[in-house]
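Read off the chains here:
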Amino acid sequence: KKRTPRARKPTPAAATAPAPAPATATALERRPRVPRATPPPCTESRTTPRWEHFEHGADFGVRGWAPTKAGAYAQAARALTAVVAPLERVRPAVAVDLACRGIDDEALLVAWLNTLVHAMAARRMLFAEFELTQADHRLHARALGEPLERARHEPAVEVKGATYTALRVAPTDGGWVAQAVVDV
């Protein structure tokens with residue numbers, strides 16, 4: 001014979017307990033808003049090396065432009081660092097050599113940004129300048145930065161990793177653009 005569970009009668013304590021307060025904000029709405037870094041003003045053409053952030057829900061989009069593909073990757077890396085802390089507060093005092101590879105240009109950008117995220121977390125450093133060489137979906141970089149100092153750098157968030165969302169590496173008017181969304 002199959003048993004069916006019986007409904008329990010409320011106990012006197014449960015009957016008089018106040019109802020839980022309704023949730024007023026989701027976890028994402030309670031997340032502190034990260035101050036946006038200000039990229040260099042764009043008064044030049046798209047071939048002038050520069051970076052920017054773009055909106056993407058609760059995450060950040062990072063985008064870099066430069067005359068070369070490697071330069072666009074370097075500018076996207078600057079935008080990544082600027083998600084964490086203002087670039088002008090990061091000194092290029094220590095050089096760290098990094099390398100990665102991908103199956104195509106887009107996968108290489110994700111691998112590069114994730115290599116940088118790992119280096120920042122493992123070494124507890126921030127990087128502001130990048131010297132890159134790129135060929136055959138392989139990238140070698142020298143990242144210049146310094147150890148994280150919370151009081152001076154005032155980090156806003158920790159980047160968890162780069163994603164394939166809004167991923168783009170493509171030629172533009174006389175240069176290259178490299179963009180991806182990073183999870184914070």
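Basis of the calculations
- Residues numbered from 1 in each chain as written.
- Predicted model: local features only at pLDDT ≥ 70, side-chain atom pairs only at ≥ 80, totals over all residues.
- Heavy atoms only, no water.
- Pairing = 2+ DSSP bridges.
- Helix = DSSP H or I, 4+ residues; strand = E, 2+ residues; numbered from the N terminus.
- Axes fitted to C-alpha atoms, helices over the stretch in contact; angles between N-to-C directions.
- Contact = heavy atoms within 4.5 Å.
- 1 Å grid on protein atoms, 1.4 Å probe; cavity = no way out; pocket = protein on both sides within 12 Å on 5 of 7 lines; lining within 4 Å.
- Points joined across faces, edges and corners; volume = space filled by probe spheres on them.
- Nonpolar A, V, L, I, M, F, W, Y, C, P; charged D, E, K, R; others polar.
- pLDDT = per-residue confidence, 0-100.
- Buried < 20%, exposed > 50% of the residue type's maximum accessible area, 1.4 Å probe, protein only.

Concerning the sheet that holds strand β5 (residues 138-147)
Note on sheets: strands pair through backbone hydrogen bonds, and any given pair is parallel or antiparallel.
Phase 1: Strand order in this open sheet of three strands is β3-β5-β4, and the pairing throughout is antiparallel. Taken across any chain shown, the strands that pair with only one partner, and hence form the sheet edges, are β3 (94-101) and β4 (125-135). Direction aside, neighbouring strands of the sheet carry axes that sit 25 degrees apart on average.
Phase 2: Relative to β5, β4 runs antiparallel, the two being bridged by 10 bridges. In the sheet register, Q134 faces β5, and the bridge partner there is L139.
Phase 3: Docked against the sheet, helix α3 (residues 69-84) engages β4 and β5, running at close to 165 degrees with respect to β4.
Phase 4: Here helix α4 (residues 105-123) sits on the sheet in contact with β3, β4 and β5, set at roughly 145 degrees to β3.

A word on the layout of surface pockets
Phase 1: There is about 320 Å³ of room inside the largest pocket.
Phase 2: Along the wall of the largest pocket there are 13 residues; nearest its centre are V84, M120, A121, L148 and E158.
Phase 3: Put simply, the parts of the chain that give the lining of the largest pocket at least two residues each are α4 and β4.
Phase 4: Looking at the lining of the largest pocket, the element that brings in the most residues is α4, giving three residues.
Phase 5: Residues of the lining of the largest pocket, tallied by class, amount to 10 nonpolar, no polar and three charged.

Things to note about the confidence of the model for the protein chain
Phase 1: Mean pLDDT over the protein chain: 82, with 74% of residues reaching 70 or higher.
Phase 2: Low pLDDT, under 50, characterises residues 7-45; the predicted model gives this stretch 23 contacts beyond four residues in sequence or across chains.

Looking at unusual backbone geometry
Phase 1: Despite not being glycine, R124 shows a phi value in the positive range, around 55 degrees.
Phase 2: Mapped onto the secondary structure, R124 falls in the loop between α4 and β4.
Phase 3: With relative accessibility at 64%, the residue R124 sits in the exposed group.
Phase 4: A positive phi angle, close to 55 degrees, is found at A166, a residue other than glycine.
Phase 5: Here A166 shows up in the loop between β6 (161-162) and β7 (168-172).

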